[in-house]
Structure formats: structure tokens, C-alpha cells
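# Remarks on the overall topology
One letter stands for each residue in the lines below.
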Amino acid sequence: MTNPSSATPASTAGTGGGCPVGAGTGAVPLGGPGFLAEPREFYRSLRRDHGPVVPVELPGGLPAWLVIGYRELHQVTSDGEMFPRDVSLWNQWENVPADWPLLPMVGTPMPSIYFTAGAEHRRHVDMVVPALEEADPFEIRRHCEQLADRLIDAVCTRGTADLVAEYAEPLPVLVLARLVGFPDDEGADIARVLKDLADGGPGAQKAHLSFGEHMQRLVAAKRARPGDDVTSRMLAHPEPFTDQEYALDLMAITAAGHLTTADWISNSTRLMLTEDQFADALSGGRHSVAEAMNEVLWEDGPTQILAGRWAARDARLGGRDIARGDMLLLGLGAANADPHIRQQVTASAVRSGQGGNSAHLAFSHGEYRCPFPAQEIAEIIARTGIEVLLDRLPDLELAVPATELVRRPSAFLRGTTALPVRFTPVRTTGDAL
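Rules and cut-offs
- Residues numbered from 1 in each chain as written.
- Predicted model: local features only at pLDDT ≥ 70, side-chain atom pairs only at ≥ 80, totals over all residues.
- Heavy atoms only, no water.
- Helix = DSSP H or I, 4+ residues; strand = E, 2+ residues; numbered from the N terminus.
- Areas by Shrake-Rupley, 256 points an atom, 1.4 Å probe, with all protein chains shown as cover.
- Pairing = 2+ DSSP bridges.
- Core = buried A, V, L, I, M, F, W, Y, C linked by side-chain atoms within 4.5 Å.
- Buried < 20%, exposed > 50% of the residue type's maximum accessible area, 1.4 Å probe, protein only.
- Phe/Tyr/Trp six-rings, centres within 6.5 Å; stacked < 30°, edge-to-face > 60°.
- Polar contact = N/O pair within 3.5 Å; in protein donor to acceptor, adjacent residues only side chain to side chain.
- Contact = heavy atoms within 4.5 Å.
- Axes fitted to C-alpha atoms, helices over the stretch in contact; angles between N-to-C directions.
- Lys, Arg positive; Asp, Glu negative; His and termini not counted.
- Salt bridge = Lys/Arg side-chain N within 4 Å of Asp/Glu carboxyl O.
- Parallel < 35°, antiparallel > 145°, perpendicular 65-115°, else oblique.
- Left-handed = near helix turned anticlockwise from the far one by under 90°.
- Nonpolar A, V, L, I, M, F, W, Y, C, P; charged D, E, K, R; others polar.

An unreviewed UniProt entry lists the chain under the name Cytochrome P450, with Streptomyces griseus subsp. griseus as the source organism.

Structure (C-alpha cells):
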């Protein structure tokens, strides 16, 4: 989620002692065409030219390191003391303009599960994770089936649809809105708000404010009348938090699960519509929906780059000198494509006779990875959404050549802006047979 880019270039990028972008280092502009077109080939060239840790330049000339080696990324994410997710450590803050376009993605110090580190982060985890764990998987699937049918009913009689705008994007947030305690009518409004945030257009700042207001009203409503929902369980946690902290954590839960799950649905569906080896999944053949979804996490994961970690002190990583306060961006997509780990994964799959392997880093790793209950909720939503879609519209096919599909213009998130399909029109669930 980014704001419109109106930032003016920062003065000198790197007055902090750890500037990785110095003369002759060949820093790679983050967000260049290589990241947006076919990142797998681009990652291969980065690995060849720079090794597992790449000096990159962010908008405004700000420096960072992009970690693309699987082992190096595992090292960074496993050492929360050396490389905490503490944005306050960044040695470039004096060069960051207030309207810097990546500020919502990188974050600022705030009392949220996503933007705290160390003991304070664990305090939020201890409150949020149990509230997510108590969500009933069967209830989540029931919500997802109901809402998926509702979205399909809106398009099924016309024989064409955009599966991104009309299905994959609204479905996760509608389910998540129910889980945190919103009524359906307000969930639809939150879906529109998060769409404006994700687009990063002129309405993004207004959408962010509206998003926060929704969560503040929800906290007040559930404090007055608790229910069987994530928000009420968070409020019942024995350690007190401020209303701002509750609202920020709810925003983090909903926003983090929205576009990533939407892209998981659309990327998996696109794979099954464009790759022969997965086409059989449409008719219940040799490959399953679960296999296609796992393949996407390896090959085309929704989160390609994650911000970030910051060096707590000078360090050496992947042959590079990392200075205290340097930003490290987690190249999850590139690390999953690291030939060293892919050879091991292939050999392991052959030995075990299994078609899939879950050693990918699609959900990051270590103390700050996506919490396991959140992963499970995302998997239920994505898998149920795809299964209902294929059950209701079994003869789905792309309405445009695969080469015309357009990727989202972001180096961080890997999704398709639209997925036009056609199918035989069918009745809505409310029609008589």
C-alpha cells in the first residue's frame, strides 16, 4: 500500500555512516523495469552481478540493501537482535521527506504489532495471536463459501468477469471484516477503502484515515457489546492496551491479509488457466488446488519484497559490510528462487515422492514472520475461494491472451491488475432449478 509519488529527491542519500550507495557500487534502482516485468530472470542477473546482498536505491535516492540469498535472508530473519524490525534505527531519517511514496510500506515508529520490535512486539503478539487462534476454521470456511457465492452470483449470469476486481480482491477483506467483528454492510465499505489504499491513488490518504476511523468505531462498539470475534477477544486479553493500539493492530491484521491473499487467489487461478501442468486442476485431475497454491508461493508469491530489517550494529552479510542503521529489504521472491535452495527442494521432493515443499519464505521467517494463525486463515480463504470458483464456473478460461495480463506496478507486491475470464453463464444460487 503506497501513496501517490510526489516526493522530491532527498538531498544526499546517505549521510548516515552505513550508506550502501556510494560511488562505483552500481546500486540498482528499486522498482525499475526488471522488478516489474519478469523478476525471476532479473533476480538471476542480480545474483550474478551482485551476489546474495544487493545495494539498491529507493525513490528519492535513499539507499538500502536487498537480501536475495536464501541463506542470508534466513540469517537476517533468524537474528532479531542483530537485525530487528525497528524502523527507528534507520540512519536515513533526516533524508526522508514527509511525502515519501514508500513511507506507508516502510512504516514509522508506532504502537502496532507490525511496527514494534523486541519486547514491545512480543507484547502485541501475545494479545493478537491467541485472538486469531480461536477463530474456528470451519466457521471461516463457511463465511468464505457464503461470501464467495455472493460475489459469483453478481457475475455468473453474464458469462464474463474480472476475477481480480470482482472476486479475488473483495473476498479476503469481506471474510476478514466478519472475523474481526464488522457487519457485512460495513465490510463492503472497508473493501472499497482498502482498494483505494492498495491503488495508491489520490484517495489513498483519505482512505487511510477512513480505515482507522472504522477500526476505532469497532473497538468502541465491541467494548460496549463484546461478541465472538477477534476484536472482542483482543479486548478481553488481561494486559490492557490503549484504544489506539487495538485499532492499529486491527488495521495491521486486516491490511496485511487483504491484498496478499487476494493475489494468492488470482495468481493461483492464473497459473491454472495458463500453465498446462495445472490445467487439470480445473476438472479435478492430477494436480490439486493446494498444489497450485503452494507452487505460487514458490514461483510467484504475493509478497516479493518485505520492508524491512535494520542493522542494530555494524555487521558482515553475504560479503557486504552492513553499517549500523542500514535498511535491509527482504527479497522473499528472489530467495525462493535461489538455485542453492531450489536444488535441495527438488531433491527432497523426489526422495519423498511429494509434489510440494513448504520451505519457502513467502510468509517470511523468524520472530517477525506472519503469525501461523494468520497464515492458516489466509490459506483457508484462498483455497476455499478458488474451490468455490472452480465449482461454480467449471469452464473458466482467459478472455485475453496470457501475454496481455498486466502486473501490478510494484516491486514489493506481485499481483495481476486484472484477470478477464469468460465462462458459460450459470444460475445464481437463489435461482430455482
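Helix and strand counts for the chain come out as 17 helices and ten strands. On the chain, roughly 18,600 Å² of surface is accessible, and the fraction owed to carbon and sulfur atoms is 53%.

Okay, the sheet that holds strand β4 (residues 160-162) next. Read across the sheet, three strands follow the order β4-β10-β9 without closing on themselves; strand pairing throughout is antiparallel. Two strands close off the open sheet at either side, each with one partner strand: β4 and β9 (397-398). The pairing of β4 with strand β10 (residues 420-422) spans three bridges and is antiparallel. Bridging across to β10, Thr160 finds its partner in Arg422.

One finds Tyr167, Leu171, Phe211, Met234 and Leu396 to be the most contacted residues of the largest nonpolar core, which totals 78 residues. With 13 residues, helix α12 (residues 243-274) is the largest single contributor of residues to this core. Phe35, Ile68, Leu103 and Ala334 belong to the second largest nonpolar core, which has 32 residues in total.

Now for unusual backbone geometry. Note that the residue after Ala307, namely Gly308, is joined by a cis bond; omega there is -15°. Note that Gly308 resides in strand β5 (residues 306-310). Residues other than glycine seldom take positive phi values, yet Ser364 does so here, at roughly 70°. Tracing the chain through its elements places Ser364 in the loop between α16 (339-352) and α17 (372-392). By relative accessible area, which is 2% here, Ser364 ends up buried.

Turning to the packing of aromatic side chains, a few remarks are in order. By the definition in use, this model includes five aromatic pairs. When the centroid spacing of 5.3 Å and the interplanar angle of 75° are considered together, the rings of Trp90 and Trp93 count as edge-to-face. The interplanar angle of 50° and the centroid separation of 5.8 Å between the aromatic rings of Phe241 and Tyr246 together place this pair among those described as tilted. No difference in accessibility class separates Phe241 from Tyr246, as the two residues are buried.

Tracing the sequence through the fold places Arg233 in helix α11 (residues 230-235). With a relative accessible area of 16%, Arg233 lands in the buried category. Here the side chain of Arg233 touches Asp228 through a polar contact of 3.0 Å, side chain to side chain. Look past the residues within four positions of Arg233 in its chain and what remains in contact with it is Ala131, Glu134, Ala135 and Asp228.

Looking now at the sheet that holds strand β3 (residues 62-67). Strand order across the open sheet formed by five strands is β1-β2-β3-β8-β5, with mixed pairing between neighbours. On the outer flanks of this sheet lie β1 (28-29) and β5, each paired with one strand and no other. As paired strands, strand β2 (residues 53-58) and β3 are joined by six bridges and run antiparallel to one another. Within β3, the position partnered with Val54 by the bridge is Leu66. Each of β1, β2 and β3 is contacted by helix α2 (residues 39-50), which is oriented at about 115° to β2, the strand it contacts most.

Turning to the pairing of strand β8 (residues 327-330), a few remarks are in order. With burial as the criterion, each face of β8 is covered, one bearing Met327 and Leu329 and the other bearing Leu328 and Leu330. Two strands pair when backbone bridges link them, and β3 and β8 are joined in this way by three bridges, in the parallel orientation. Counted as the bridge partner of Trp65 is Leu328 from β8.

Here we come to the side chain of Asp326. Tracing the backbone shows Asp326 in the loop between β7 (320-322) and β8. For Asp326, which is buried and forms no salt bridge, the nearest opposite charge comes from Arg324, at a distance of 9.8 Å. A distance of 2.9 Å separates a polar atom in the side chain of Asp326 from a polar atom in the side chain of Asn91.

So, on to the packing of helix α8 (residues 170-180) against α17. At a minimum axis separation of 10 Å, α8 and α17 run at an interaxial angle of 130°. Regarding the angle of α8 to α17, the classification is oblique. For the crossing formed where α8 meets α17, the hand is right-handed. Facing Leu171, Pro172, Val175, Leu176 and Leu179 of α8, the residues of α17 in contact are Ile377, Ile381 and Gly385. When grouped by side-chain class, the residues that make up the contact of α8 with α17 number seven nonpolar, one polar and no charged.

When two helices pack together, their arrangement is captured by the angle between the axes and the distance separating the axes. Where helix α6 (residues 137-153) contacts α17, the axes come no closer than 9 Å and their chain directions differ by 40°. Between α6 and α17, the interaxial angle falls into the category oblique. Here the hand of the crossing between α6 and α17 comes out right-handed. For the pair formed by α6 and α17, the contact residues are Pro137, Ile140, Arg141, Cys144, Glu145, Ala148, Asp149, Ile152 and Asp153 on the first element and Ile377, Ile380, Ile381, Thr384, Gly385, Glu387, Val388, Leu389 and Arg392 on the second. Partitioned by chemical class, the residues of the contact of α6 with α17 number ten nonpolar, two polar and six charged.

Where burial is concerned, most of β5 is hidden: five out of the five residues are buried. In this structure, β5 lies alongside β8, joined through four bridges in antiparallel fashion. Counterpart to Ala307 in the pairing with β8 is Leu329.

One pass over the structure, following the stated rule, counts 28 salt bridges. Across the pair Arg123 and Glu245 runs a salt bridge whose closest N-O atoms are separated by 2.8 Å. Highlighted residues: Arg123 in helix α5 (residues 118-133) and Glu245 in helix α12, separated in sequence by 122 residues. Look at Arg123 and you get buried, because its relative accessible area is 18%. In this structure Glu245 comes out as buried when scored by relative accessible area, which is 8%. One salt-bridge network, in which partners are shared between bridges, spans Arg141, Glu145, Glu379, Arg383 and Glu387.

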